[in-house]
Amino acid sequence: MASKKVNKATLKFGGETLSLSKSKTQAAVRYNPGMKREKKRKNAASNEQIRDFEVVKVSRGVDQKLDALRAQPEVSVGTHVWVFDGEEDAPMIPTGYLYIEFKEDTPYEKQQALIEEFHLNIRQVVSAEAYRVTTTPESPNPVKCAMLLQKKRIVKVAEPEFMAKPVTGDFSPPTGKFINSQWHHENNGGQIPIIDIPNAVYGTTHFKKGADARVRAAWEELQGLGSKNIKIAVIDTGFATDHPSLRGDGTKIRNTFNAANRGADVSPWFQASDGSWGVFSHGTSCAAVAAGAWDSQGVLGAAPNARIIPIKLDVLSDDAIQKAFEHALLNGADIISCSLGFPKPVPLSTYVSNYISRVAREGRNGKGMPIFIAAGNANPASNNQPRPVSDFAAHPEVLCITASNSLDESSSYTFYGPNAFLCAPTNGNDGVGITTATVSASGGSLVHGYTSKFGGTSSATPLAAGVCALILSANPNLTLAEIKDILRRSADKIGSGYDANGRSPKLGFGRLNALRAVQMAMGNSGNSGSGSGSGSNTGGNTGGNTGGGQTASQRGKVISKFLNVRSGPATTNPKVAELNQGDIVNLFEKVSGFWRIGTNQYVSADYIQVIANNGAPAPGVRKGKVTSSFLNVRTGPATTNAKVGELKQGALVTIFETSSNGWHRIGDARWVIGTNIQEV
């Protein structure tokens, strides 16, 4: 292997070309466990700690300093630090790991031969053609190794893993004159300015503090406005893609598509029957509610960093509908938001229904596509009969979104049905509209603007889709079943009328709560999924006690596609089994970055998500004690719900969630009023 030093590097990384250079003033070292010197070194106080690496700073002679550090017995790894364009304030530390993806149909023998040629150890088999590997002392340094691998004809991707200090502490919440006008992000109960009526406000009588989707709190939890890697396909009647809210930094709009004519023009213009031209503002407003860019006025969507795939669907035919959903599927959408439907309550055709099922199942490379559909408005309908959801919203595999308002009430106009999944804040009753982007026509030109009057389930739906983008920003590996489970369990129970399963025909499982959903996705509040992985557990320990006489204190879920089970806590130990994504395992003890899941069975902790304690509530769940002489247990968070049990004074309960009206859920369809519970 060539030994020539590489001081500058240009390589493909994440689909882009990176130009890096070795830092002239910084190196990084990792110490052997328990052997880091306590003696203060010169400049030690200024050295930065990035996880288990210490960044050592020097004024000159970084190569000599690194050689000296590597020779010290307490140092296990010494590495150069790489920087972008000489920017020494943002060190990138190669961890020694690489991701390699071979071209399709590359023979296994050739893959292994190349891995051996570079003296690499396989850390994880990602798929039949993809591996995570680690360098050895005989390998080139990770950056050089990646560059050399990228020149090999059988290699599709070769990328080094870098470690860097996150900038989460630098997150500043969005600001602007109209930031508080977006009460659906955070409702503090105060009056708000109206963006399209100068010097006008909506008064406090229109608001109830906390009647919102907790979006701003979710941004704080994420320490950001979502990931640019998440794409939301918005299916609607047209889009002003050059509106500042949709244009953003110029990279927000992706793969525009007109489903009726199979072109790329998604303009909001339409021609009326009399030959005149008008503009549909609906699609622009919906897309902005989901992922509108943060502008100088403080107007933005739920996931401002997410990308948008605008799909114009202004003709409802089987062919156009199928093409719209197909475009989302084939162009890498992570989420679909659709706020339109047929003018009369008709069922979807079998052809369209089957295709939507396919998109829901196959989307996101088989993880499943969350499809958010508006329940519909104008209830009661023109014949004064309450209208249930129909067509798209009635599909069993979509997430049907109904409407709640700024007072935490169900909006009177919302359609309803047994498949209502969630309600989300929008206008209605004595509540007020949503502040978002809009577009109009003047003299044959589009006029970009903003309004505080958008609403309906049309607005509730992209809000839910935008919150889903925040969930996937927190954990992009979630399956559709896990996303639905998180949204269901994180919802706030507002109003009444919930059945034994916790679902209301008008409110679904409750009002959208972005903060709690993001926390669950990040693993900060219980099980982030339903544990419904389809893979078989070849490790043989999804239940029972296989820990050599010990009882497992926790359970975990495999989050990688494949996970090797080894006889000891290191990759050098023999492989004894293999787990699949979604498998649930018992966790007995953590040893050197590995979980012991059974007798002589260990798996890397990097690919296990701890989901709950066996026989105990999930992390973050609270305990409470009954303070009254007796306490009724009901099926829902209100005295109008059926009584299903009774607790005596002093009884201990587990509090899984608290509704907006102060009731605690202590089990499945088991609720008690919080005034008679003291948390312990």
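For clarity, every value in this text was computed on a predicted model and none was experimentally measured.

Below, the discussion takes up the side chain of aspartate 295. With respect to the helices and strands, the residue aspartate 295 is situated in the loop between helix H6 (282-291) and strand E16 (307-312). Aspartate 295 has contacts with Thr175 and Tyr450, leaving out every residue within four places of it along the chain.

This brings us to the confidence of the model for the protein. Mean pLDDT over the protein: 84, with 87% of residues reaching 70 or higher. Within the protein, no element has a lower average pLDDT than strand E3 (residues 48-50), which sits at 68, and none a higher one than strand E17 (residues 335-338), at 98. Confidence drops under pLDDT 50 across residues 38-45; counting only partners more than four residues distant or on other chains, this segment forms four contacts. The low-confidence segment residues 612-621 (pLDDT under 50) makes 23 contacts with residues lying over four places distant or belonging to another chain.

Right, let's talk about the pattern of salt bridges for a bit. Considering all chains together, one arrives at 17 salt bridges under this definition. Two residues, lysine 643 and glutamate 646, come together in a salt bridge whose shortest N-O distance is 3.1 Å. By relative accessible area, glutamate 646 is classed as partly exposed at 46%. Look at the salt bridges and you will find they share partners, linking Asp408, Asp492, Arg511 and Arg516 into a network.

Under the defined criterion, the tally for this structure stands at seven aromatic pairs. By way of ring pairs, the aromatic residues Phe325, Phe342 and Phe392 are connected into one cluster. The ring of phenylalanine 509 has arginine 488 sitting right over it, with the charged end atom 6.0 Å from the ring centre. We note lysine 493 situated over the ring of tyrosine 498; from NZ or CZ to the ring centre the distance is 5.3 Å.

Now for unusual backbone geometry. A positive phi is found at arginine 364, a non-glycine position, where the angle reads about 55 degrees. Its place among the elements puts arginine 364 in the loop between helix H8 (350-362) and strand E18 (371-374). For arginine 364, a relative accessible area of 9% gives the class buried.

With that settled, consider the pairing of strand E2 (residues 16-31). Bridge analysis of strand E1 (residues 8-13) against E2 gives six bridges, and the strand direction is antiparallel. Residue pairing across strands places leucine 11 opposite leucine 18, the latter belonging to E2. Following E1, the chain reverses through two residues before pairing antiparallel with E2; glycine 14 in that reversal takes a positive phi of roughly 60 degrees. Bridge count between E2 and strand E5 (residues 75-84): eight bridges; the pairing is antiparallel. Paired with leucine 20 across the two strands is phenylalanine 84, which belongs to E5. With four bridges connecting them, E2 and strand E4 (residues 53-57) associate as antiparallel partners. Bridge pairing links glutamine 26 to lysine 57 in E4.

Quick look at the environment of leucine 222 now. With respect to the helices and strands, the residue leucine 222 is situated in helix H4 (residues 215-222). On the basis of relative accessibility, which here comes to 19%, the residue leucine 222 falls in the buried class. Not counting the four nearest positions on each side in its chain, leucine 222 is found in contact with Leu470, Ala474, Val518 and Met522.

We now examine the sheet that holds strand E19 (residues 399-404). One open sheet holds the seven strands; their spatial order is E13-E16-E12-E17-E18-E19-E20, and the pairing between them is parallel. Each of the sheet's edge strands pairs with one partner strand only, and the pair in question is strand E13 (257-258) and strand E20 (420-425). Examined bridge by bridge, E18 and E19 share three bridges and lie parallel to one another. Its bridge partner lying in E19, isoleucine 373 is registered against cysteine 400. Each of E18, E19 and E20 is contacted by helix H10 (residues 480-490), which is oriented at about 60 degrees to E20, the strand it contacts most.

This part takes up the packing of H10 against helix H11 (residues 514-522). For the pair H10 and H11, the least separation of the axes is 9 Å and the interaxial angle reads 135 degrees. Comparing the axis directions of H10 and H11 gives the class oblique. Of the two possible hands of crossing, H10 and H11 adopt the one that is right-handed. Contacts from Ile486, Arg489 and Ser490 in H10 reach Arg516, Ala517, Met520 and Ala521 in H11. When the residues that make up the contact of H10 with H11 are grouped by side-chain class, the tally is four nonpolar, one polar and two charged.

Scoring rules and cut-offs
- Residues numbered from 1 in each chain as written.
- Predicted model: local features only at pLDDT ≥ 70, side-chain atom pairs only at ≥ 80, totals over all residues.
- Heavy atoms only, no water.
- Helix = DSSP H or I, 4+ residues; strand = E, 2+ residues; numbered from the N terminus.
- Contact = heavy atoms within 4.5 Å.
- pLDDT = per-residue confidence, 0-100.
- Salt bridge = Lys/Arg side-chain N within 4 Å of Asp/Glu carboxyl O.
- Buried < 20%, exposed > 50% of the residue type's maximum accessible area, 1.4 Å probe, protein only.
- Phe/Tyr/Trp six-rings, centres within 6.5 Å; stacked < 30°, edge-to-face > 60°.
- Lys NZ or Arg CZ within 6 Å of the ring centre and 35° of its normal.
- Pairing = 2+ DSSP bridges.
- Axes fitted to C-alpha atoms, helices over the stretch in contact; angles between N-to-C directions.
- Parallel < 35°, antiparallel > 145°, perpendicular 65-115°, else oblique.
- Left-handed = near helix turned anticlockwise from the far one by under 90°.
- Nonpolar A, V, L, I, M, F, W, Y, C, P; charged D, E, K, R; others polar.

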